[in-house]
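Residues per chain are reported as follows:
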Amino acid sequence: MKRRDFIKNTAVASSVSLLPAQIWGSSQEKMLRTAHIGVGGMGAEDLKSISSHERVKVVALCDVDSNNLNAALQMHPEARGFADYRLMFSEMADEIDAVVVSTPDHSHAPASMLAMQLNKPVYCQKPLAHHVSEVRAMKKLAEEKNLITQMGIQVHSFYDYKLATLLIRSGIIGKVSTVHAWSPKNWGYDGPPPTGSDPIPANLDWNLWLGTSARRPYKDQVYHPMNWRKLVDFGCGTLGDMGVHIFDTPYNALELDVPFTVKNRCRKPNGFGYPEENTVTYEFPATPYTTETLKWIWYDGKGAPPAHKDLRLPNKEKLPLQGAMFIGETGRLLLPHFMELPRHIVDGEYVEIDVSPFVSSGEIGEPVRDYALEGNKHYHQFVDACLGTDTCSAPFSYSARLTETILLGVIAGRFPNKKLHWDSERAIFRESKANEFLSGDYREF
Ligand SMILES: NC(=O)c1ccc[n+]([C@@H]2O[C@H](COP(=O)([O-])OP(=O)(O)OC[C@H]3O[C@@H](n4cnc5c(N)ncnc54)[C@H](O)[C@@H]3O)[C@@H](O)[C@H]2O)c1
């Protein structure tokens, strides 16, 4: 089934006139009634953070794992619980003002598109979706309906990352020619696909978990929870996990659009798991903050990043475990991931960063070290935007571009060591075989 048919078939016929939340947002006393799809794992954190806002009332909880659903219902006994988000919308659409989607990646688009069809603002976890076609459809629908949207990259709202953005845009290291970004995490799997099947746990609705993806036998520890990330049919590997967070600040600071080439040095594809080690090289068109072309290299997996002269730190210090390094005409900026301030390096020495010009201009405050407070900012920004008192900093108009960039690197992993050329306007690769991976079929479930 094609994506458009899925949306048409599952769109809920509601007789109620549903207005985007921001329309009534100025009302002081109104509570934002939220529905949460996926409430285990990160979804439990999302639920906690969204519901910590004093003007949020959690009205609906949905999870295909009854253990996770029951745990969330215990925290919010006044909410109604569901296993199937389609049923939730058909029964409660007119009682829901905003939707939070925290499911595995392959379910982001089906659930978010349905919510947006019903004019609901959506907070969707990163990466925005599993396929480029879905990402583009989500951005388009959000724009057409003028909906409040936010992708779940909470670090986007942290002080350190705002500061790095201001520093880069102020020209602290001149125009940037290269970005190195890395994580030694491994959300790949080089082994063979599983054989046989295990009994489906009584608490899991396996058909609903698979959702629009092809039916297959259930196997313990392979898919649910969490491990779906490693698998091409459900997740986006390490790039789609840590990559989205670590890409975010350099991508935003440099005002990048999608790249025009991408190459992934990794093992041969096996059709099941993502490579355990990837080196992805992108080329981006120039922006006011870059040299003529910006080169971007991502390293993940064991031992990442390899030794590189650009990554040598003063005093032979150890490189942060994860992070990004901007290479500019007059220096380098190191951005550890996360909860550490950026570091400015010139001629092999650290140079103190003066935040006072940005403090005086009101663009940023004094450095924040209370990360517990920072954590809720991104969520509350979404709620406040729905209530009409703030603006989201990572709406789908931004996060779709960022996710598309990530997904192009993921697709390049199907063609190891081959430079692919991306035509963003036409949304196709010059290498036609790669276009097969831009979208996928939806199963009726
Ligand atoms: N922003 C962050 O820092 C961060 C951190 C971790 C995960 N994430 C993102 O959050 C999402 C979930 O990741 P996770 O690690 O929590 O995965 P997980 O597998 O641990 O949890 C997913 C939850 O969603 C439920 N679920 C699965 N399919 C569902 C469906 N169709 N309808 C309703 N519920 C469904 C599962 O039962 C489970 O409770 C992913 O997109 C991931 O990238 C973001």
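The structure reproduced in this document is the subject of the present report. Model, not experiment: these values are computed from the prediction.

Right, let's talk about the overall build of the protein chain for a bit. The number of helices and strands found in the protein chain is 13 helices and 16 strands. Its C-alpha atoms give the protein chain a radius of gyration of 22 Å, near enough to 22 Å, the size a compact globule of 445 residues would have. With respect to the three principal axes, the spread of C-alpha positions in the protein chain is 65 × 55 × 40 Å. Looking at the 445 residues of the protein chain, the share that counts as buried comes to 56%. Accessible surface, the protein chain: about 18,800 Å² in total, of which carbon and sulfur atoms supply 50%. Here the protein chain contributes 48 positive and 53 negative side-chain charges, whose respective centroids are spaced 6 Å apart.

A word on the packing of helix α6 (residues 108-117) against helix α7 (residues 132-144). Two elements in contact, α6 and α7, have axes whose closest approach is 10 Å; the angle formed by their N-to-C orientations is 15°. On the basis of their axis angle, the class for α6 and α7 is roughly parallel. As for how α6 packs across α7, the hand of that crossing is left-handed. On α7, the residues that touch H108, A109, P110, S112, M113, M116 and Q117 of α6 are E134, A137, M138, L141 and A142.

The next point concerns the site of the ligand. Near the ligand you find 29 residues, and of these M42, D63, N68, K126 and Q154 are the closest. G40 is positioned such that a nitrogen or oxygen atom in its backbone is 3.1 Å from an oxygen atom of the ligand. Take Q154: an N or O atom from its side chain is 2.8 Å from an oxygen atom of the ligand. Within the complex, 93% of the 840 Å² of free accessible area of the ligand lies under protein. Considering only residue class, the shell around the ligand consists of eleven nonpolar, 13 polar and five charged.

Criteria and cut-off values
- Residues numbered from 1 in each chain as written.
- Predicted model: local features only at pLDDT ≥ 70, side-chain atom pairs only at ≥ 80, totals over all residues.
- Heavy atoms only, no water.
- Helix = DSSP H or I, 4+ residues; strand = E, 2+ residues; numbered from the N terminus.
- Rg over C-alpha atoms; globule rule 2.2 N^0.38 Å.
- Buried < 20%, exposed > 50% of the residue type's maximum accessible area, 1.4 Å probe, protein only.
- Areas by Shrake-Rupley, 256 points an atom, 1.4 Å probe, with all protein chains shown as cover.
- Lys, Arg positive; Asp, Glu negative; His and termini not counted.
- Charge placed at Lys NZ, Arg CZ, Asp CG, Glu CD.
- Axes fitted to C-alpha atoms, helices over the stretch in contact; angles between N-to-C directions.
- Parallel < 35°, antiparallel > 145°, perpendicular 65-115°, else oblique.
- Left-handed = near helix turned anticlockwise from the far one by under 90°.
- Contact = heavy atoms within 4.5 Å.
- Near = heavy atom within 4 Å.
- Polar contact = N/O pair within 3.5 Å; in protein donor to acceptor, adjacent residues only side chain to side chain.
- Nonpolar A, V, L, I, M, F, W, Y, C, P; charged D, E, K, R; others polar.

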